[in-house]
Amino acid sequence: MCIPLEEPELGKRLRSLMLTVRRGPVIYPFLFAVYPILFIWAHNVGEFTQSAEQLEIFVPLAISIGFTLVALVSIGFILGDTRKAGLLVLWFLIAFYSYGHVYTSLQNADFGDSSSQGLFFLAWWSGFFAVFILLIRVELQGLTNTLNVVCGFLVIIPLVIIGASTLGSVSNFLDRGDKKGGTSLVDASITSSPPDIYYIIPDYYAGSQTLRDLGYDNGDFTDFLTNKGFFVASRSRSNYMHTNVSLASSLNMQYLTGIEGALPGTKWATVLYHNLINKGQVIGTLKSLGYTIINTREKWTLRRGSHEPLICARDSLIRLQADDFTGAVLNATALYPVLRYFNVLERQIWDQRLCEFSMIVDVKDIEGPKFVFAHLSVPHPPFIFDRDGPRDPESLSTTFVNRPEEYIDQVVFVNKKLREIVNSLLSGTGNPPVIIIQADHGPINGSDSFTTFHPIRIDILNAYYLPNGGNDLLYESISPVNSFRVIFNSYFGANYEILEDRSYQTSPRFAGSAHDDVTDLITKYYLP
């Protein structure tokens, strides 16, 4: 007679544990519900740096988690099977959050245009419901824990990116000891009536030669500026190909190699560059001279050491472009075509972009010397304006590639608004202001903007209004890195050296692991 051997106690516990793990709780829908939102934040971590914007992430997170909870409970109650309900909810979340990415990728690859979005929307959800019905009939065996682990890893990845980027960038900035990009050489006593300074950055605005290559002569606008007393630097080139590094350089009057801690190797450095822009040499010097600092893009005024908000008449949290977190999340979801159908996003973004122009003029009456930093979101895509105003939503596009005519239309509209700004700023009496209208970089003629060299990315609009003899210090090839060196030399008795004008490509995005001098390539490209 065989006596069955009793299973060891440890074996029983291990088997029990494995069975529990296999039948783990259904948490993967909640993990995936937060993943797309964290993913967008992680890949734009340096763009959302103000406290109000940082809190903005919690709104979509709460909505996504809340919806997932209601859907899971409701479907589980109907089917009487929580695990199957979890799988169905996961499938819906995948379809919902991936819609925008798939549609945009197809559109950028020229598979259809904006008018075909309705057909794509119908096909997308038809496929979703077909798979949905199949999943209802699926018998689940040990799938729950696998999905828990997979979705858990998905959430960990953006969290690591966010943590590493934020801690690394802040650490690099703190390592600089709040040093500026050089010792201030200005003399506060040199002038009793310092001029207002307007630094206007139309993002993505190409120089005249690039615009001619695209079939448009910008001479009418540059002639207008010249007739108003501007010096238009016809051979100006951007020092860098990306916004944050370009502005960090110009607002510290240095190349990145001349700013301690500004080349953080392979670390993403968007927070660092944001600090270099808002706490760099130029703004630090102007603050010491008693200037009120006004940032129209981020809608704040720094006056007497405290921040005060700038309010648009019709402000909104929703924007079409990904410089606003709520808008970036909406763009990626299946809500996007619905909002587009009712023109909700278009109305919001039109108001936002027009407000960016109006704020430049609205702050003109703030007393005392002021530095107005106005980083305009146009003519950068999306192309929301034609030559006369808001574009027909049916023809709205979000990329430059193969759509240069829409880019040109938006440039023409920007010219119209800049004319109004210039006329308004120069209409007053008394001490005339200093005005710089300078692009951060030009457009891109290709799909890989971060690893491929694009010469037209360097060719920019660069125009200066430096009254009372300031224009005499300018020259045709002056680049942004020397702009404030000239201004401080001209109006505050400084003696800054004028640096050699060079152009650099940095790769990967916003990092300093590559810092390649492309000046000679640019010169050869634009030879007559």
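Now for a quick tour of the structure. (Residues numbered from 1 in each chain as written. Predicted model: local features only at pLDDT ≥ 70, side-chain atom pairs only at ≥ 80, totals over all residues. Heavy atoms only, no water.)

### Concerning the environment of aspartate 220
Thought 1: Here aspartate 220 shows up in helix H9 (residues 219–227).
Thought 2: Look at aspartate 220 and you get exposed, because its relative accessible area is 55%.
Thought 3: Through-space distance from the C-alpha of aspartate 220 to that of asparagine 415 is 9.6 Å; in sequence the pair is 195 residues apart.
Thought 4: One polar contact links aspartate 220 to arginine 419, side chain to side chain, over a distance of 2.6 Å. (Helix = DSSP H or I, 4+ residues; strand = E, 2+ residues; numbered from the N terminus. Buried < 20%, exposed > 50% of the residue type's maximum accessible area, 1.4 Å probe, protein only. Polar contact = N/O pair within 3.5 Å; in protein donor to acceptor, adjacent residues only side chain to side chain.)

### Regarding the packing of aromatic side chains
Thought 1: By the definition in use, this model includes 20 aromatic pairs.
Thought 2: Here tyrosine 240 and tyrosine 504 contribute two aromatic rings whose centre-to-centre distance is 5.7 Å and whose plane-to-plane angle is 25°, an arrangement assigned as stacked. With a gap of 264 residues between them, tyrosine 240 in the loop between strand E2 (231–232) and helix H10 (243–250) and tyrosine 504 in strand E9 (residues 504–507) connect regions that are remote in the sequence. Per residue, the accessibility class of tyrosine 240 equals that of tyrosine 504, and both read buried.
Thought 3: Each member of the aromatic cluster is reached from another via a ring pair, and the members are Tyr199, Tyr291, Phe371, Phe373, Phe484, Phe488, Phe492 and Tyr496.
Thought 4: Directly above the ring of phenylalanine 224 sits arginine 419, whose terminal nitrogen or CZ lies 4.8 Å from the centroid. (Phe/Tyr/Trp six-rings, centres within 6.5 Å; stacked < 30°, edge-to-face > 60°. Lys NZ or Arg CZ within 6 Å of the ring centre and 35° of its normal.)

### Structural notes on the nonpolar core
Thought 1: In this structure, Ile200, Leu225, Leu418 and Ile437 are the most contacted members of the largest nonpolar core, which totals 46 residues.
Thought 2: Elements with a minimum of two residues in this core: strand E1 (197–202), H9, helix H15 (344–362), strand E6 (370–376), helix H16 (404–425), strand E7 (434–438) and strand E8 (462–465).
Thought 3: Looking at this core element by element, the count peaks at ten residues for H16.
Thought 4: Ignoring any residue separated from it by four or fewer positions in sequence, one finds leucine 225 in contact with Phe230, Val232, Val422, Ile437 and Ala463.
Thought 5: Counting residues in each nonpolar core, the second largest holds 44 residues, with Ile478, Val481, Phe484 and Tyr496 among its members. (Core = buried A, V, L, I, M, F, W, Y, C linked by side-chain atoms within 4.5 Å. Contact = heavy atoms within 4.5 Å.)

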